[in-house]
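Here's the letter readout for the chains.
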Amino acid sequence: MSIIHARVDERLIHGQVATVWTNSLGAQRIMVVNDHAVKDQIQIGALKMAKPVGVKLSILSKRKAVANILEGKYDDEKVFLITKNIEDMGELINQGVPLTSFNVGNISQKEGSRAIKKSVAVTDEDIAVIKQLTDKGIKITAQMIPSEPADSILTFLK
């Protein structure tokens, strides 16, 4: 299994992910999985500029990411997988991507969501996906940076 860490962060690659997470994980490739980013040339350019030097980058649709991962395309690399939202991460897992855990780093507040910690706001749909995944034994943490405690997201939902 080549995915060393999976994270939900609506900002995808930004300073914190590019430096702190990628370095602390020793990731060789950042895989951004987002059906919109893959079609947005401006976002693709921004992601390429944001990634650390020497780290490979894949920007994939959910369908292509599932196919590539299940075909073992990245088995010889340490991959840091990032999705923009909890729903997309849940879809990857439900389609067979062999993740046992993921981290929710940053989801800003929007209509219909409530803040469960400073950097994370969730909707009822997000909570339903979280419960479905945790019931399957997936460990979900809410952690902004690696030095923060890796607390279960369920402790913030109470």
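Please read all numbers here as calculations on a predicted model, not as lab measurements. (Residues numbered from 1 in each chain as written. Predicted model: local features only at pLDDT ≥ 70, side-chain atom pairs only at ≥ 80, totals over all residues. Heavy atoms only, no water.)

1. Observations concerning the overall build of the protein
Heads up, the condition is: The numbering of helices and of strands both runs from the N terminus, where a helix is a DSSP run of H or I of at least 4 residues and a strand a run of E of at least 2. Only protein chains enter the accessibility calculation, which uses a 1.4 Å probe; a residue is then buried when its area is under 20% of its type maximum, exposed when over 50%, and partly exposed in between.
When its secondary structure is counted, the protein shows six helices and eight strands. Each helix (α) and strand (β) of the protein, taken in turn from the N terminus, gives the series β-α-β-α-β-α-β-α-β-β-β-α-β-α. Summarising its shape, the C-alpha atoms of the protein cover approximately 40 × 30 × 30 Å along the three principal directions. Relative to its full complement of 158 residues, the protein shows a buried share of 50%.

2. Topic: helix 2 (residues 41-50)
Inclusion rule: The arc in question is the one spanned by the directions pointing from the helix axis to the C-beta atoms. The contact definition used throughout considers only heavy atoms, calling two residues in contact when any of these lie within 4.5 Å.
Where helix 2 is concerned, the buried positions are Gln43, Ile44 and Leu47. Summarising the axial view, the buried residues of helix 2 lie within an arc of 100°, below the 170-degree limit, and thus occupy one face. In helix 2, the exposed residues that point more than 90 degrees away from the buried face are Gln41, Ile42, Lys48 and Met49. Residues of helix 2 that are buried make contact with strand 2 (29-33) and strand 3 (56-60).

3. Notes on the nonpolar core
The criterion, for reference: Here, the term nonpolar core denotes a set of buried Ala, Val, Leu, Ile, Met, Phe, Trp, Tyr and Cys residues that are joined through side-chain atoms within 4.5 Å.
Ranked by internal contacts, the top residues of the largest apolar core, which has 33 residues, are Met31, Leu81, Phe102 and Val104. Discounting residues that sit within four places of it in the chain, Leu81 has contacts with Ile3, His5, Ala6, Arg7, Met31, Val33, Ile69, Met89 and Leu92.

4. Details of the packing of helix 4 (residues 86-94) against helix 5 (residues 124-135)
Short version of the rule: Think of each axis as a best-fit line through the C-alpha atoms, taken over the contacting stretch in the case of a helix, with angles from 0 to 180 degrees between the N-to-C directions. Should an angle fall under 35 degrees it is called roughly parallel, over 145 degrees roughly antiparallel, and 65 to 115 degrees roughly perpendicular, with every other angle called oblique. The crossing is said to be left-handed when, going from far helix to near helix, the turn is anticlockwise and less than a right angle, and right-handed when the turn is clockwise. Only Asp, Glu, Lys and Arg are considered charged, only Ala, Val, Leu, Ile, Met, Phe, Trp, Tyr, Cys and Pro nonpolar, and every remaining residue, Gly among them, polar.
Between helix 4 and helix 5, whose axes approach to 9 Å, the crossing angle comes to 30°. When the interaxial angle is binned, helix 4 and helix 5 end up roughly parallel. As for the relative orientation of helix 4 and helix 5, their crossing is left-handed in sense. The residues of helix 5 that touch helix 4, namely those facing Ile86, Gly90, Ile93 and Asn94, are Asp126, Val129, Ile130, Gln132 and Leu133. Within the contact of helix 4 with helix 5, the residues separate by chemical class into five nonpolar, three polar and one charged.

5. Considerations on the sheet that holds strand 1 (residues 3-9)
Our working rule: A pair of strands is treated as paired once DSSP finds two or more bridges between them.
The strand order across the open sheet formed by six strands is 3-2-4-1-5-8, and the pairing between neighbours is parallel. Across the chains shown, the open sheet's two edge strands, defined by having one partner strand only, are strand 3 and strand 8 (139-142). Each strand axis lies, on average, 20° off the axis of its neighbour in the sheet, ignoring direction. As judged from the four bridges shared by strand 5 (residues 101-106) and strand 8, these two strands associate in the parallel manner. Across the sheet, Val104 pairs through a bridge with Ala142, a residue of strand 8. Relative to the sheet, helix 4 contacts strand 1, strand 2, strand 4 (79-83) and strand 5, its axis offset from that of strand 4 by approximately 125°.

6. Some points on the environment of Leu25
Relative to the helices and strands, Leu25 is located in helix 1 (residues 15-25). Each C-alpha atom, one on Leu25 and one on Val79, is 9.2 Å from the other, the two residues being 54 residues apart in sequence. Apart from residues lying up to four places away in sequence, Leu25 is in contact with Ile4, His5, Lys78 and Phe80.

7. Focus on the pattern of salt bridges
As a reminder of what qualifies: By definition, a salt bridge exists where a carboxyl oxygen of Asp or Glu is found within 4 Å of a side-chain nitrogen of Lys or Arg.
All chains considered together, the criterion is met by eight salt bridges. We note a salt bridge from Asp9 to Arg11, for which the minimum N-O separation is 3.1 Å. A residue is classified by how much of its surface remains accessible, and Arg11, at 33% relative accessible area, is partly exposed. A salt bridge links Lys62 to Asp35; the nearest nitrogen and oxygen atoms lie 3.5 Å apart. Placement of Lys62 in helix 3 (residues 62-70) and of Asp35 in the loop between strand 2 and helix 2 is noted, with a sequence separation of 27 residues between them. Owing to a relative accessible area of 14%, Lys62 belongs among the buried residues under this scheme. You can call Asp35 partly exposed: its relative accessible area is 26%.

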